[in-house]
Amino acid sequence: MIFYGIVVAAGRGERFGEPKAGLMLGGVPLWKRAVDALAEGGAYGVVLVGSVPGGIPGGARRRDSVAAGLAALPHDATHVLVHDAARPLASAALVRRVASRLAEGDVDAVTPAISIGDTLKRIAGERVVETVSREGLVSVQTPQGFSVVALRSAHAADDDDATDDAQLIERDGGSVVFVNGESGNMKITHPDDLAVAEALLR
Ligand code: C5P
């Protein structure tokens, strides 16, 4: 297995209020933390997507930015780990865990997942309509690992939007398994999240 990384950093940060990838965390830009985790975890190289130093242009949707990264992957890549610049605290150990499961060779995709601690409710406007059972549900993270052939096939199979790449594999009939994620591998979505990440880093 020869695996590369793709870091997607081309989001507009609509919920955050500004593009997130260039924000600093502990003196290091978010996108660089994501790249470093992949490199430390054994990636042969990392394709960076977004308007950041060394980045290639992304697309309108996350999946379009991943597609741009896939198109730029070196030809010797058999596998790829796709990681959000918005998750700057993933460890190299997590990268190795995803890659090791992928190296077993029996699945198309591997995603980190953690159990859900909160009670889940469905809402309509301000009304709480029902409680959704947590049974059998997990929350997933990046980096997600793929066979390059499977991820390219999944991207070619449809053009519907997706919030992660594992979803494309699921829709294409491929196999996805999970490994344990990290509670510290939080996603920077809202401005408050950056202060929480700073605290975790300390
Ligand atoms: O917007 P959200 O936080 O869900 O984005 C997840 C990741 O995908 C971020 O790292 C963001 O920069 C990236 N992204 C992208 N291109 C887009 C949208 C999101 O690279 N068009």
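Refer to the structure above for everything that follows.
No experiment lies behind these values; they were computed from the predicted model shown.

## Quick look at the overall build of the protein
Now for step 1: Looking only at helices and strands, the protein features 6 helices and 11 strands.
Now for step 2: With the C-alpha coordinates of the protein rotated into their principal frame, the extents come out at 50 × 40 × 30 Å.
Now for step 3: Looking at the protein as a whole, 45% of its 202 residues qualify as buried.
Now for step 4: The contacts of the protein with a sequence gap of at least 6 include a subset with a gap of at least 24, amounting to 70%.

## Observations regarding the pattern of salt bridges
Now for step 1: All told, the structure shown has 11 salt bridges when counted by the stated rule.
Now for step 2: Its salt-bridge partner being D159, residue R61 comes within 2.8 Å of it at the nearest N-O pair. With a gap of 98 residues between them, R61 in the loop between β4 (46-49) and α2 (62-71) and D159 in the loop between α4 (148-157) and α5 (165-171) connect regions that are remote in the sequence.
Now for step 3: For D159, a relative accessible area of 54% corresponds to the exposed category.
Now for step 4: Several salt bridges converge on common partners, so that one network encompasses R61, D64 and D159.

## Section: the pairing of strand β8 (residues 127-132)
Now for step 1: Within β8, only 0 of the 6 residues are buried, which leaves it mostly out in the open.
Now for step 2: Between strand β7 (residues 120-124) and the antiparallel strand that follows it, β8, lie 2 residues; G125 among them carries a positive phi value of about 65°.

## What about the environment of R101?
Now for step 1: Position of R101 relative to the elements: it lies in helix α3 (residues 92-103).
Now for step 2: Judged by relative accessible area, R101 falls into the buried class, the value being 18%.
Now for step 3: Through-space distance from the C-alpha of R101 to that of T111 is 9.7 Å; in sequence the pair is 10 residues apart.
Now for step 4: Contact partners of R101, with chain neighbours within four places excluded, come to D106, V107, V110, V177 and V179.

## Let's talk about the environment of V80
Now for step 1: Inspection of the secondary structure assignment puts V80 in strand β5 (residues 79-84).
Now for step 2: Taking the C-alpha atoms as reference points, V80 and V46, 34 residues apart in sequence, are found 9.3 Å from one another.

## A closer look at unusual backbone geometry
Now for step 1: Residue P143 follows T142 across a cis peptide bond; omega there is 10°.
Now for step 2: In this fold, P143 is placed in the loop between β9 (138-140) and β10 (144-147).

## Quick notes on the site of the ligand
Now for step 1: In the neighbourhood of the ligand, 15 residues make up the surrounding shell, with V8, A10, K20, G59 and S65 lying closest.
Now for step 2: For the ligand, a nitrogen atom lies 2.7 Å from a polar atom in the side chain of S65.
Now for step 3: Burial of the ligand by the protein amounts to 84% of the accessible area it has alone, namely 460 Å².
Now for step 4: Of the residues belonging to the shell around the ligand, the class tally is 6 nonpolar, 3 polar and 6 charged.

## Points about the side chain of N185
Now for step 1: Relative to the helices and strands, N185 resides in the loop between β11 (176-180) and α6 (191-201).
Now for step 2: Residue contacts for N185: discarding those within four places in its chain leaves R87, L89, A90, L94, Q141 and T142.

Analysis parameters
Throughout this document, residue positions are counted from 1 along each chain, in the order its sequence is written. Since the coordinates come from a predicted model, pLDDT governs what is reported: local features require at least 70, and pairs of side-chain atoms require 80 or more to be given and counted, while whole-chain, interface and lining totals use all residues. The side-chain figures draw on all heavy atoms in the structure; neither hydrogens nor water molecules are used. By definition, any uninterrupted DSSP run of H or I lasting at least four residues is a helix, any uninterrupted run of E lasting at least two residues is a strand, and each is numbered from the N terminus. Relative accessible area decides the class of each residue, using a 1.4 Å probe on protein chains only: under 20% of the type maximum gives buried, over 50% gives exposed, and in between gives partly exposed. Two residues form a contact once any of their heavy atoms are found within 4.5 Å. Just to be clear on terms, a salt bridge is a Lys or Arg side-chain nitrogen sitting within 4 Å of an Asp or Glu carboxyl oxygen. In short, DSSP must find at least two bridges between two strands for them to pair. We call a residue near a molecule or strand whenever a single non-hydrogen atom of that residue lies within 4 Å of it. Pairing of N or O atoms within 3.5 Å defines a polar contact, subject to two protein rules: one partner must be a possible hydrogen donor and the other a possible acceptor, and residues neighboring in sequence count only if both atoms are side-chain atoms. Accessible surface area values rest on a Shrake-Rupley calculation with a 1.4 Å probe, where residue burial reflects the displayed protein chains alone. Here the term charged refers only to Asp, Glu, Lys and Arg, the term nonpolar to Ala, Val, Leu, Ile, Met, Phe, Trp, Tyr, Cys and Pro, and the term polar to all other amino acids, Gly among them.

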